[in-house]
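What follows is each chain in one-letter form.
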Amino acid sequence: DQQVKQNSPSLSVQEGRISILNCDYTNSMFDYFLWYKKYPAEGPTFLISISSIKDKNEDGRFTVFLNKSAKHLSLHIVPSQPGDSAVYFCAASQEYGNKLVFGAGTILRVKS
Amino acid sequence: DVKVTQSSRYLVKRTGEKVFLECVQDMDHENMFWYRQDPGLGLRLIYFSYDVKMKEKGDIPEGYSVSREKKERFSLILESASTNQTSMYLCASSLTGGSGVGRTSSSYEQYFGPGTRLTVT
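Summarised in this report is the structure supplied together with it. (Residues numbered from 1 in each chain as written. Chains lettered and ligands numbered in written order. Predicted model: local features only at pLDDT ≥ 70, side-chain atom pairs only at ≥ 80, totals over all residues. Heavy atoms only, no water.)

### Notes on the interface of chain A and chain B
Next up, step 1: Tallying the contact residues gives 22 residues for chain A and 31 residues for chain B.
Next up, step 2: Together, the buried faces of chain A and chain B total about 2000 Å²; carbon and sulfur atoms form 56% of this surface.
Next up, step 3: Our enumeration of links across chain A and chain B arrives at five residue pairs in polar contact (both at pLDDT 80 or more).
Next up, step 4: Of all the secondary structure elements, the ones that give two or more residues to the side of chain A that touches chain B are β4 (30–38), β9 (86–94) and β10 (100–102) of chain A.
Next up, step 5: Among the elements that line the side of chain A that touches chain B, the one with the most residues is β4(A), at five residues.
Next up, step 6: Class assignment of the residues belonging to the side of chain A that touches chain B gives a composition of eleven nonpolar, six polar and five charged. (Contact = heavy atoms within 4.5 Å. Buried area = accessible area lost by both parts, 1.4 Å probe. Polar contact = N/O pair within 3.5 Å; in protein donor to acceptor, adjacent residues only side chain to side chain. Helix = DSSP H or I, 4+ residues; strand = E, 2+ residues; numbered from the N terminus. Nonpolar A, V, L, I, M, F, W, Y, C, P; charged D, E, K, R; others polar.)

### Examining the nonpolar core
Residue and element names in this part refer to chain A.
Next up, step 1: Ranked by internal contacts, the top residues of the largest apolar core, which has 23 residues, are Phe33, Trp35, Leu73, Leu75 and Tyr88.
Next up, step 2: Breaking this core down by element, the ones donating at least two residues are β3 (19–25), β4, β5 (45–51), β7 (62–67), β8 (72–77), β9 and β11 (106–111).
Next up, step 3: Those residues in contact with Tyr88 that lie beyond four places of it in its chain are Gln6, Leu21, Trp35, Tyr36, Lys37, Leu47, Leu75, Ile77, Gly105, Thr106 and Leu108. (Core = buried A, V, L, I, M, F, W, Y, C linked by side-chain atoms within 4.5 Å. Buried < 20%, exposed > 50% of the residue type's maximum accessible area, 1.4 Å probe, protein only.)

### Focus: the pattern of salt bridges
Residues and elements named next belong to chain B.
Next up, step 1: What the rule picks out here adds up to nine salt bridges over all chains.
Next up, step 2: Its salt-bridge partner being Lys71, residue Asp28 comes within 3.1 Å of it at the nearest N-O pair. Taken together, the residues Asp28 in the loop between β3 (19–25) and β4 (31–38) and Lys71 in the loop between β7 (64–70) and β8 (73–78) connect sequence positions 43 residues apart.
Next up, step 3: Using a relative accessible area of 26% as the deciding quantity, one classes Lys71 as partly exposed.
Next up, step 4: Notably, a salt bridge pairs Arg44 with Asp38, separated by 2.9 Å at the nearest N-O pair.
Next up, step 5: For Asp38, a relative accessible area of 10% puts it in the buried group. (Salt bridge = Lys/Arg side-chain N within 4 Å of Asp/Glu carboxyl O.)

### A word on the packing of aromatic side chains
Next up, step 1: Enumeration according to the criterion identifies 15 aromatic pairs over all chains in this entry.
Next up, step 2: Here the aromatic rings of Tyr32(A) and Tyr108(B) are separated by 4.0 Å at their centres, their planes lie at 10°, and the arrangement is stacked. Taken as a pair, Tyr32(A) in strand β4 and Tyr108(B) in helix α1 (residues 105–108) lie in two separate chains rather than in one.
Next up, step 3: Residue classification places Tyr32(A) among the buried positions, given a relative accessible area of 9%. (Phe/Tyr/Trp six-rings, centres within 6.5 Å; stacked < 30°, edge-to-face > 60°.)

### Quick word on the environment of Ser93(B)
Residues and elements named next belong to chain B.
Next up, step 1: Among the structural elements, Ser93 can be located in strand β9 (residues 87–94).
Next up, step 2: C-alpha separation for the pair Ser93 and Lys3, spaced 90 residues apart in sequence, amounts to 9.3 Å.
Next up, step 3: A polar side-chain atom of Ser93 sits 2.8 Å from a polar atom in the side chain of His29.

### Regarding the layout of surface pockets
Next up, step 1: What the second largest pocket holds in volume is close to 330 Å³.
Next up, step 2: Forming the boundary of the second largest pocket are 18 residues, of which Val87(A), Gln37(B), Asp38(B), Pro39(B) and Gly40(B) lie nearest the centre.
Next up, step 3: Where the lining of the second largest pocket is concerned, the elements lending two or more residues are β9 of chain A together with β4 of chain B.
Next up, step 4: When grouped by side-chain class, the residues that make up the lining of the second largest pocket number ten nonpolar, five polar and three charged. (1 Å grid on protein atoms, 1.4 Å probe; cavity = no way out; pocket = protein on both sides within 12 Å on 5 of 7 lines; lining within 4 Å. Points joined across faces, edges and corners; volume = space filled by probe spheres on them.)

### A short note on the state of the cysteines
The bond known as a disulfide is covalent and runs between the sulfur atoms of two cysteines.
Residues and elements named next belong to chain A.
Next up, step 1: In the structure shown here, the tally under the stated rule is two disulfides over all chains.
Next up, step 2: For Cys23, the disulfide goes to Cys90, at an S-S distance of 2.1 Å. Sign of the S-S torsion, about -75° for the bond between Cys23 and Cys90, identifies this disulfide as left-handed. In this pair, Cys23 sits in strand β3 while Cys90 sits in strand β9, placing the two residues 67 residues apart along the sequence. For the pair Cys23 and Cys90, a shared accessibility class is recorded, and that class is buried. (Disulfide = S-S within 2.5 Å.)

Have a look at this one:
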């Protein structure tokens, strides 16, 4: 039973345009959400996060939006750059316990 | 910077061999994790540890065991490797979170090693 779902396996975007990666979750006890970026042959690296008490968090070109009522979050990358091409994982955490639950990932390709 | 290192980047083993994957972190983190990453399945948690000599099963512990004798080191053991254990193995570490207002963003973030690509033939 997947608690965190990334329903788009891949996304292709033109350089300079906006990339929007989506994530849905089912567990209403999740209180913190993170996005990780992973290049081939490397470990995931933390990108941006958001607490469940917020609906938006911005860091440079990256913005994460949280819609708690819809149990949906999205990552916006503006403008997209070829170096953003990677696999993006959405992850969620509960207050008690230190585990993260990851989605299946979305492969982003930014074409120049 | 937090550094998580894994003993091998690539490993090739034969079916039935006992395999050891080592992970070391240098930031005095209490928590350590082992995941495997497979296409279309994301990162799945195999085992994790909150403290030395403590371990808990994750979502897919079958065929694996772990050892944590020192705080900085967390080992994953494949008792008898099988071809369906061919995968990318990722180790991670994190700080122990508090609860409620004591919990900060740094409590949630896990830091990953570069991964070990294991092939079992």
